[in-house]
Amino acid sequence: MTTPTHTEAARDGLGSRDVRRRGPRGLLWLMVRQHRIALLSCLAVSVVGAAWILYQRGAMLDTLHGAGWPATSADALGGDLPNQVTNRFNSAASTLASLPALLGVCLGASLIASDLEHGTARLVTTQSVPRNRWLLAKVGFALTLATATSLPLSLLFGWWRDSVGPFAGTNWLHDAVFDASAPVLVATALFTTSLGLVIGALTRRVVSAIVLTLLASWATMVAGDMFKDDLATPRRFSYPLGSDLPAALDHVVQVDQWVGTASGKLYGWGTCVHDASPEACRASLGIVNSVWAYFGDDQRSGMEWTAAAVLVAASAVLIALFLWRLRRAPLTP
């Protein structure tokens with residue numbers, strides 16, 4: 001009996017097992033097949049976003065080099081060029097910082113809500129794949145895609161930020177520059193995606209999940225900005241009242257400001273300002289120093305990783321809630 005050729009085997013279905021092994025199989029194939037639009041969209045965002053960052057970085061450096069930087073210091077550049085460059089950079093950072101909300105809406109909110117609303121999830125109960133394994137595949141696919149989309153863009157943005165130095169803005173903590181940094185952007189993307197999964201599991205309606213995820217993501221980011229000052233301990237620096245700002249306070253993030261005595265007693269910065277004789281008022285209180293509380297640029301990295309750790313921990317709680325909610329709940333609209 002002759003052995004069938006490869007062509008005959010493929011035609012008769014004998015080689016189908018070998019063909020299937022060349023690509024994704026099982027739940028991985030299901031995730032890629034079912035969510036291919038989301039997969040292709042995230043790939044497009046990564047490619048277009050990377051090209052946009054590279055172009056903006058090159059154009060900004062050409063502008064700065066044409067003006068004489070770095071041979072000429074940033075403070076010595078004439079005109080409004082430094083402000084224009086900084087504003088352009090902050091605008092780009094704001095655009096990138098909106099990516100996690102987009103991922104939470106388009107990836108997290110619709111990933112499970114669509115299956116629940118249209119009844120696709122009910123098929124799980126009729127298959128040999130356990131429900132827990134299917135849910136874990138959903139979570140893994142969503143979080144992996146969110147990470148793969150945000151990580152390269154955040155790394156490229158960090159490279160851009162480091163290359164323009166002082167033009168990246170001084171208030172890096174409360175500007176979008178902090179939110180667009182590599183650890184914070186990726187952790188925020190994981191958080192908003194997890195948030196979208198939970199809201200989708202609770203509402204079981206795509207439109208409702210999208211709207212609520214968008215609102216919840218925005219509210220969370222606003223609230224998070226209010227607690228950024230708690231990510232590290234501010235430093236203090238005193239210098240004689242009325243003197244020029246010391247170089248040590250250049251390019252730092254100011255948290256608070258007081259006036260103080262030589263012994264270290266602090267008063268509000270407006271003390272004696274509205275008095276008929278401010279100098280006499282200060283002399284009577286012994287006020288001789290201006291005191292700043294600030295974050296230095298060397299604290300930025302630690303604060304970014306602290307914020308990222310908090311967001312990852314919150315994401316883990318949300319994923320646990322998602323799995324608990326759908327592990328035994330009916331998979332019906």
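Just so it is clear, the structure is predicted and the values come from calculations on it, not from any experiment. (Residues numbered from 1 in each chain as written. Predicted model: local features only at pLDDT ≥ 70, side-chain atom pairs only at ≥ 80, totals over all residues. Heavy atoms only, no water.)

Trainee: What is the right way to read the pattern of salt bridges from this model?
Mentor: When charged atoms on two side chains of opposite charge get close, those side chains can pair. One pass over the full model with this rule turns up 7 salt bridges. Salt-bridge contacts for Asp 162 lead to Arg 161; the nearest nitrogen and oxygen are separated by 3.7 Å. A relative accessible area of 11% means that Arg 161 is categorised as buried. As a salt-bridge pair, Asp 297 and Arg 300 come within 3.4 Å of each other at their nearest N and O atoms. Among the residues examined, Asp 297 registers a relative accessible area of 41% and is labelled partly exposed. (Salt bridge = Lys/Arg side-chain N within 4 Å of Asp/Glu carboxyl O. Buried < 20%, exposed > 50% of the residue type's maximum accessible area, 1.4 Å probe, protein only.)

Trainee: Is there a simple way to think about a nonpolar patch on the surface in this case?
Mentor: On the surface, a cluster of nonpolar side chains totalling about 370 Å² of accessible area is made up of Val 207, Val 211, Leu 212 and Leu 215. Inspection of the secondary structure assignment puts Leu 212 in helix H10 (residues 206–226). (Patch = residues over 30% accessible without salt bridge, like charges linked within 9 Å, V, L, I, M, F, W, Y side chains within 5 Å. Areas by Shrake-Rupley, 256 points an atom, 1.4 Å probe, with all protein chains shown as cover. Helix = DSSP H or I, 4+ residues; strand = E, 2+ residues; numbered from the N terminus.)

Trainee: Looking at this structure, I do not really get the layout of surface pockets. What am I missing?
Mentor: Remark: the empty space left among the atoms is shown by a probe the size of a water molecule rolled over them. Volume-wise, the largest pocket comes out at about 560 Å³. Lining the largest pocket are 23 residues, with Asp 179, Thr 220, Met 221, Gly 224 and Asp 225 positioned closest to its centre. Residue assignment for the lining of the largest pocket shows that the elements contributing at least two residues are helix H6 (99–118), helix H8 (176–179), helix H9 (182–203), H10 and helix H12 (300–328). No other element matches H10, which puts 7 residues into the lining of the largest pocket. Of the residues belonging to the lining of the largest pocket, the class tally is 14 nonpolar, 6 polar and 3 charged. (1 Å grid on protein atoms, 1.4 Å probe; cavity = no way out; pocket = protein on both sides within 12 Å on 5 of 7 lines; lining within 4 Å. Points joined across faces, edges and corners; volume = space filled by probe spheres on them. Nonpolar A, V, L, I, M, F, W, Y, C, P; charged D, E, K, R; others polar.)

Trainee: What's the story with the packing of H9 against H10 in this structure? I'm lost.
Mentor: For any two helices packed against each other, one specifies the inter-axial angle together with the distance between the axes. Packing of H9 against H10 leaves a shortest axis separation of 9 Å and a crossing angle of 140 degrees. Considering the angle they form, H9 stands oblique to H10. The hand of the H9/H10 crossing is right-handed. Where H9 abuts H10, its residues Thr 188, Phe 191, Thr 192, Leu 195, Gly 196, Ile 199, Gly 200 and Thr 203 lie against Ser 208, Ala 209, Leu 212, Thr 213, Ala 216, Ser 217, Thr 220 and Met 221. Residues belonging to the contact of H9 with H10 are distributed by class as follows: 7 nonpolar, 9 polar and no charged. (Axes fitted to C-alpha atoms, helices over the stretch in contact; angles between N-to-C directions. Parallel < 35°, antiparallel > 145°, perpendicular 65-115°, else oblique. Left-handed = near helix turned anticlockwise from the far one by under 90°. Contact = heavy atoms within 4.5 Å.)

Trainee: Sorry if this is basic, but what is going on with the nonpolar core here?
Mentor: Among the nonpolar cores identified, the biggest contains 62 residues, and Phe 89, Phe 157, Trp 160, Val 164, Phe 167, Leu 197 and Phe 322 are the most heavily contacted of them. The element contributing the most residues to this core is helix H7 (residues 131–164), with 12 residues. The residues contacting Phe 89, other than those within four sequence positions of it, are Met 60, Phe 157, Trp 160, Arg 161, Val 164, Phe 167, Ala 168 and Val 177. Counting 9 residues, the second largest nonpolar core, distinct from the first, contains Trp 172, Val 184, Val 253 and Met 303. (Core = buried A, V, L, I, M, F, W, Y, C linked by side-chain atoms within 4.5 Å.)

Trainee: Sorry if this is basic, but what is going on with the packing of helix H3 (residues 26–34) against H7 here?
Mentor: In contact at an axis separation of 10 Å, H3 and H7 are set at 55 degrees when each is read in the N-to-C sense. Taken together, the axes of H3 and H7 are oblique relative to one another. Handedness of the crossing formed by H3 with H7: right-handed. Contact residues: Leu 27, Leu 30, Met 31, Val 32 and Gln 34 in H3; Arg 133, Trp 134, Ala 137, Lys 138 and Phe 141 in H7.

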